[in-house]
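# A look at the structure
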Amino acid sequence: MVVHNIKIQDTFFKAKRNGLKLWEIRKNDRNYKVGDLVHYTKIDGSDFARSGKDNLYKITYILTPENFEGLPSGYCIFSEAKILWLNRGNIWKKNYLIK
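Report follows, based on the coordinates. (Residues numbered from 1 in each chain as written. Predicted model: local features only at pLDDT ≥ 70, side-chain atom pairs only at ≥ 80, totals over all residues. Heavy atoms only, no water.)

## Looking at the overall build of the chain
What counts is decided by this rule: Secondary structure elements are defined from DSSP: runs of H or I of at least 4 residues count as helices, runs of E of at least 2 residues count as strands, and each element is numbered from the N terminus. The contact rule is simple, with two residues in contact once any of their heavy atoms fall within 4.5 Å. All accessibility values rest on the Shrake-Rupley procedure with a 1.4 Å probe; residue burial counts only the protein chains present in the view.
Within the chain one finds 1 helix and 6 strands. The order of helices and strands in the chain, counted from the N terminus, is β-α-β-β-β-β-β. Looking at the chain alone, contacts between residues at least 24 apart form 56% of all its contacts between residues at least 6 apart. Carbon together with sulfur atoms contributes 54% to the accessible area of the chain, which is approximately 6400 Å² in total.

In structure tokens, the structure reads:
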């Protein structure tokens, strides 16, 4: 299992936090795998300053060009489940997703 640290813009961060966007399309330069964790840090504005708000997700399914026709080479789409809410040092866990 690997933890991938990714910056995410406010619009997408809010959609994830509200449970509306539980997938991600990314360049697969990190070799994402099912079971890996993705740590999203919200960034503010064009200067990409960190906001102090973070979320941690577990990758539950991956589509690649090998198993999904039409996906560009070098990209993947993965679904994920939220497992931690992090905000200014406070942590709330959904333990049933952490092994």
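Next comes the rest of the description.
## Digging into the nonpolar core
As a rule of thumb, soluble globular proteins bury nonpolar side chains together. We apply this condition: Only buried residues count toward a nonpolar core, which is a set of Ala, Val, Leu, Ile, Met, Phe, Trp, Tyr and Cys residues joined through side-chain atoms within 4.5 Å. Burial status follows relative accessibility: with a 1.4 Å probe on protein chains alone, a residue under 20% of its type maximum counts as buried, one over 50% as exposed, and anything between as partly exposed.
Core analysis: the biggest nonpolar cluster contains 11 residues, these being Ile6, Ile8, Phe13, Tyr32, Val38, Tyr40, Tyr57, Ile59, Ile62, Cys76 and Phe78. Counting residues per element, the ones that place at least two in this core are β1 (3-9), β3 (37-44), β4 (49-63) and β5 (75-87). Per-element accounting of this core gives the leading share, 3 residues, to β4. Residues in contact with Ile8, not counting those within four places in the same chain, are Phe13, Lys16, Tyr40, Thr41, Lys42 and Ile43.

## What about the packing of aromatic side chains?
Counted only if it meets this: Aromatic contacts are taken between Phe, Tyr and Trp rings whose centres are within 6.5 Å, Trp giving its six-membered ring; a plane angle under 30 degrees counts as stacked, one over 60 as edge-to-face, and the others as tilted. When the NZ atom of lysine or the CZ atom of arginine is within 6 Å of a ring's centre and also within 35 degrees of its normal, the charge is said to sit over that ring.
Summed over all chains, the structure comprises 2 aromatic pairs. Ring geometry for Tyr32 and Phe78: centres 4.9 Å apart, planes at 45°, overall tilted. With Tyr32 in the loop between β2 (23-27) and β3 and Phe78 in strand β5, this pair connects stretches of sequence that are 46 residues apart. Taking the relative accessible area as the measure of exposure, Phe78 reaches 0% and is therefore buried. On the basis of an interplanar angle of 80° and a centroid distance of 5.4 Å, the ring pair of Tyr40 and Tyr57 is categorised as edge-to-face. Highlighted residues: Tyr40 in strand β3 and Tyr57 in strand β4, separated in sequence by 17 residues. Since its relative accessible area comes to 0%, Tyr40 is described here as buried. Classification of Tyr57 as buried rests on a relative accessible area of 0%. The ring of Tyr57 is capped by Lys16, whose NZ or CZ atom sits 5.4 Å from the centre of that ring.

## Some words on the pattern of salt bridges
This is how it is decided: Any carboxyl oxygen of Asp or Glu within 4 Å of a side-chain nitrogen of Lys or Arg constitutes a salt bridge here.
A complete count under the given rule lists 6 salt bridges for this structure. Across the pair Lys42 and Asp10 runs a salt bridge, and its minimum N-O distance is 3.1 Å. Of the two residues, Lys42 sits in strand β3 while Asp10 sits in helix α1 (residues 10-17), which places them 32 residues apart along the sequence. In this structure, Lys16 and Glu80 form a salt bridge, with 2.2 Å as the shortest nitrogen-oxygen distance. A residue pair is termed long-range when its members are at least 10 positions apart, and Lys16 in helix α1 and Glu80 in strand β5 qualify at 64 residues. In this structure Lys16 comes out as buried when scored by relative accessible area, which is 2%. Three or more residues are tied together by salt bridges with common partners; here these are Lys16, Lys21, Glu24, Arg26 and Glu80.

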